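As a plain string of letters, each chain reads:
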Amino acid sequence: GGRTLQSWMFGLVIISFNLADFIGKSERRSLSWAAQTLSPMMQLGIAVLRAAVFVPLILSSSAPQLYPAEIARWVTWLSVFALGLSNGWLSTVCFMRAPKALPPGTSNAVAEQASSVLVVGLFLGVSGGCLVSYELGQTALHDYLGVCYGAA
């Protein structure tokens with residue numbers, strides 16, 4: 001029952017993030033609309049709002065839990081799914097708009113270099129986030145991780 005689900009929970013959360021990220025990257029109609037409609041400042045505002053909503057939700061349900069264990073699992077899972085969905089959608093919109101942000105008449109070589117800079121930035125952001133979270137898990141959050149309050 002509950003113990004089996006608890007042992008699989010981390011894997012399920014990671015899979016749900018990746019699935020939601022894929023779905024966010026695959027929604028063609030909304031991506032086309034956003035690439036044509038949203039300014040870079042609006043995209044930044046959406047990203048900041050998304051972080052302001054989901055990061056506290058995820059942290060308050062996991063380290064340390066501020067909800068009962070049964071509710072915290074679902075809050076974490078749904079928040080991570082929504083974060084993955086918005087992550088895929090926003091990153092794809094950003095990648096779609098970047099070449100269009102270059103001045104008119106820019107050569108294809110420069111557009112390719114700009115795209116390469118985006119890929120490097122994405123890589124550095126993901127790997128930097130992994131390193132920071134690992135270090136936090138080993139130091140500041142070490143005593144709080146893996147503690148399920150109220151779990152039997």
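Residue numbers run consecutively from 1 along every chain, following the written order of its sequence. Side-chain atom pairs in this predicted model are given and counted only at pLDDT of 80 or more, local residue features only at pLDDT of at least 70, and totals for whole chains, interfaces and linings cover all residues. To get the side-chain values, take all heavy atoms of the structure and skip hydrogens and water.

Chemist: Hey, could you run me through the confidence of the model for the protein in this one?
Modeler: Low pLDDT marks regions whose predicted coordinates should not be analysed in detail. Note: pLDDT gives the predictor's confidence per residue, expressed from 0 to 100. Mean pLDDT over the protein stands at 85; residues scoring 70 or higher make up 89%. Put simply, DSSP H or I for four residues or longer makes a helix, DSSP E for two residues or longer makes a strand, and each gets a number counted from the N terminus. The weakest mean pLDDT in the protein belongs to helix α1 (residues 2–26) at 82; the strongest belongs to helix α3 (residues 40–60) at 91.

Chemist: Hey, could you run me through helix α2 (residues 28–37) in this one?
Modeler: Classification of residues uses two cut-offs on accessible area relative to the type maximum, computed with a 1.4 Å probe and protein chains only: under 20% is buried, over 50% is exposed, and between them is partly exposed. Among all positions in α2, only Leu31, Ala34 and Ala35 are buried. Burial along α2 is one-sided: seen end-on, the buried residues are contained in an arc of 100°. Projecting away from the buried face of α2 at angles above 90 degrees are the exposed residues Arg29 and Gln36. By arc we mean the arc of the directions from the helix axis to the C-beta atoms, nothing more.

Chemist: So what exactly am I meant to see when it comes to a nonpolar patch on the surface here?
Modeler: A contiguous nonpolar surface patch, about 360 Å² in accessible area, is contributed by Leu19, Phe22, Ile23 and Leu85. When residues of the nonpolar patch are assigned to their parent elements, the largest contribution, three residues, is made by α1. With respect to the secondary-structure elements, Leu85 resides in helix α4 (residues 69–97). A patch is a set of surface residues, each over 30% in relative accessible area and not in a salt bridge, joined within 9 Å for like charges and within 5 Å for the nonpolar side chains Val, Leu, Ile, Met, Phe, Trp and Tyr. Each accessible area is a Shrake-Rupley result for a 1.4 Å probe, and residues are judged covered by the shown protein chains and nothing else. The salt bridge definition used is simple: a Lys or Arg side-chain nitrogen within 4 Å of an Asp or Glu carboxyl oxygen.

Chemist: Teacher, can you tell me more about the environment of Ala101 here?
Modeler: Structurally, the position occupied by Ala101 is in the loop between α4 and α5 (108–138). Residues Ala101 and Pro40 lie 61 residues apart in sequence; the distance between their C-alpha atoms is 9.4 Å.

Chemist: Is there a simple way to think about the packing of α2 against α4 in this case?
Modeler: The axes are straight lines fitted to the C-alpha atoms, using for helices just the contacting stretch, and the angles between their N-to-C directions are given from 0 to 180°. Between α2 and α4, whose axes approach to 9 Å, the crossing angle comes to 50°. It follows from the interaxial angle that α2 and α4 lie oblique. As for how α2 packs across α4, the hand of that crossing is right-handed. When α2 is examined against α4, the residues Ser30, Leu31, Ser32, Trp33, Ala34 and Ala35 are found in contact with a partner set consisting of Trp89, Thr92, Val93, Met96 and Arg97. Residue type decides the class: Asp, Glu, Lys and Arg count as charged, Ala, Val, Leu, Ile, Met, Phe, Trp, Tyr, Cys and Pro as nonpolar, and the leftover types, Gly among them, as polar. Among the residues making up the contact of α2 with α4, the classes are represented as seven nonpolar, three polar and one charged. Between 65 and 115 degrees an angle is taken as roughly perpendicular, under 35 as roughly parallel, over 145 as roughly antiparallel, and anywhere else as oblique. By convention the crossing between two helices is left-handed if the near helix lies anticlockwise of the far one by an angle smaller than a right angle, and right-handed if it lies clockwise. Note on contacts: a residue pair qualifies if any of its non-hydrogen atoms lie within 4.5 Å across the two residues.

Chemist: Help me understand the packing of α3 against α4 in this model?
Modeler: A pair of packed helices can be characterised by two numbers: the angle between their axes and the separation between those axes. Axis separation between α3 and α4 bottoms out at 10 Å; the angle between their running directions is 165°. Our classification of the angle between α3 and α4 gives roughly antiparallel. Seen from above, α3 lies across α4 with left-handed handedness. Contacts from Pro40, Gln43, Ile46, Ala47, Arg50, Phe54, Leu57 and Ile58 of α3 reach α4 at Val75, Ser79, Val80, Ala82, Leu83, Ser86, Asn87, Leu90, Val93, Cys94 and Arg97. The class makeup of the residues in the contact of α3 with α4 is 13 nonpolar, four polar and two charged.

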